[in-house]
Amino acid sequence: MLPITTRVRAAVVMAVLGLIATLVSTQPASARFNPYQRGPNPTVSSVAAARGTFATAEIGVPPGNGFNGGRIYYPTDTSLGTWGAVAIVPGYTAKFDAEEAWMGHWLASFGFVVIGIDTNSPTDWDTARGTQLLAALDYLTRKSPVRDRVDPSRLGVIGHSMGGGGAISAAERRPSLKAAVPLAPFSPSQNLSTLRVPTMIMGARDDGTVSPSYLDALYAGMPSGTQSAFVELTSGGHAFPTRGNSNVTRRMIPWLKIFLDSDTRYTRFLCPSLADPSNISRSRPKCPYVPSLG
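Residues numbered from 1 in each chain as written. Predicted model: local features only at pLDDT ≥ 70, side-chain atom pairs only at ≥ 80, totals over all residues. Heavy atoms only, no water.

**Some remarks on the overall build of the chain**
So, step 1. Within the chain, the regular secondary structure consists of nine helices and nine strands.
So, step 2. Put simply, the chain has 294 residues, and 53% of those count as buried.
So, step 3. Sequence-distant contacts, at least 24 apart, represent 71% of the contacts inside the chain between residues at least 6 apart.
So, step 4. Of the roughly 12,100 Å² of accessible surface on the chain, 58% is carried by carbon and sulfur atoms. (Helix = DSSP H or I, 4+ residues; strand = E, 2+ residues; numbered from the N terminus. Buried < 20%, exposed > 50% of the residue type's maximum accessible area, 1.4 Å probe, protein only. Contact = heavy atoms within 4.5 Å. Areas by Shrake-Rupley, 256 points an atom, 1.4 Å probe, with all protein chains shown as cover.)

If you want it as structure tokens, here you go:
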């Protein structure tokens with residue numbers, strides 16, 4: 001018979017192992033095998049909410065480093081490791097604070113680091129905006145005060161109008177990006193023929209500036225092997241991304257979760273069709289969506 005102290009230690013070890021096994025068995029399989037999964041199981045209503053489950057903070061970014069300054073928004077939680085990140089650029093002559101700042105805390109609260117930038121010239125064209133998006137991501141991951149919170153292998157780009165063309169340009173030049181979301185993109189300097197980054201294009205049926213026919217022709221140039229989606233809102237005009245708009249984020253957040261976080265819990269919101277088709281006039285998914293892990 002084992003001494004009492006040995007038996008007690010053995011019992012404690014078995015109890016601890018049993019507790020660990022129980023905890024592991026009650027976790028979703030996706031959480032056990034995906035180190036990037038963040039947040040509770042999503043629902044149609046949670047994806048449409050104006051805030052996710054993470055507390056957020058923001059800091060200013062001075063001009064320099066290849067772009068004209070901006071703001072960084074980030075989850076304050078440091079217990080879950082690093083986060084995927086996106087850079088956002090506004091449209092022609094626009095300022096980030098005036099048109100896209102609403103996305104900052106909104107997206108960060110769902111588990112992303114966000115850098116929104118102004119351009120060196122308000123009249124910079126699409127390729128210049130793409131260059132500055134890439135410069136912003138480089139600053140975010142290499143020099144920014146939150147660089148230790150960002151996973152440099154899980155980055156994406158977002159842009160509106162000429163900035164949407166900038167997002168396309170950035171994605172074409174840096175195929176290591178994980179996701180792009182061009183919003184009503186105007187892309188005068190390039191088509192999508194060399195685009196390999198998973199890309200969701202969003203427009204509005206009543207947009208008289210970047211028309212549905214323009215976006216149809218642009219999207220038609222997407223390589224067949226590129227994971228992509230086209231979503232058209234029923235209304236909002238060309239300015240639909242310039243104000244708090246859950247019609248945008250309830251589709252954008254699943255796209256970013258799938259491709260930045262490899263979180264397949266979110267594929268059901270987009271495939272085989274939109275789980276929430278409200279305020280959508282057309283949707284053209286390219287299912288299934290299969291993210292790369294790592």
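Now that the structure has been shown, the text picks up again.
**What to know about the pattern of salt bridges**
So, step 1. Taken as a whole, this structure holds 13 salt bridges when the rule is applied.
So, step 2. Between D216 and R282 there is a salt bridge, and its shortest N-O distance comes to 3.1 Å. You can see D216 sitting in helix α8 (residues 212-220) and its partner R282 sitting in strand β9 (residues 280-285), a full 66 residues away along the chain.
So, step 3. For R282, a relative accessible area of 29% puts it in the partly exposed group.
So, step 4. Ionic pairing is found between D261 and K257, a salt bridge with its closest N-O pair at 3.6 Å.
So, step 5. Of the residues examined, D261 reaches a relative accessible area of 1% and is grouped as buried.
So, step 6. Owing to a relative accessible area of 1%, K257 belongs among the buried residues under this scheme. (Salt bridge = Lys/Arg side-chain N within 4 Å of Asp/Glu carboxyl O.)

**Points about the environment of E58**
So, step 1. Here E58 lies in strand β1 (residues 56-61).
So, step 2. Judged by its relative accessible area of 36%, E58 is partly exposed.
So, step 3. Reaching out from E58, the side chain makes a polar contact with the side chain of R71 at a distance of 3.0 Å.
So, step 4. Reaching out from E58, the side chain makes a polar contact with the side chain of H105 at a distance of 2.9 Å. (Polar contact = N/O pair within 3.5 Å; in protein donor to acceptor, adjacent residues only side chain to side chain.)

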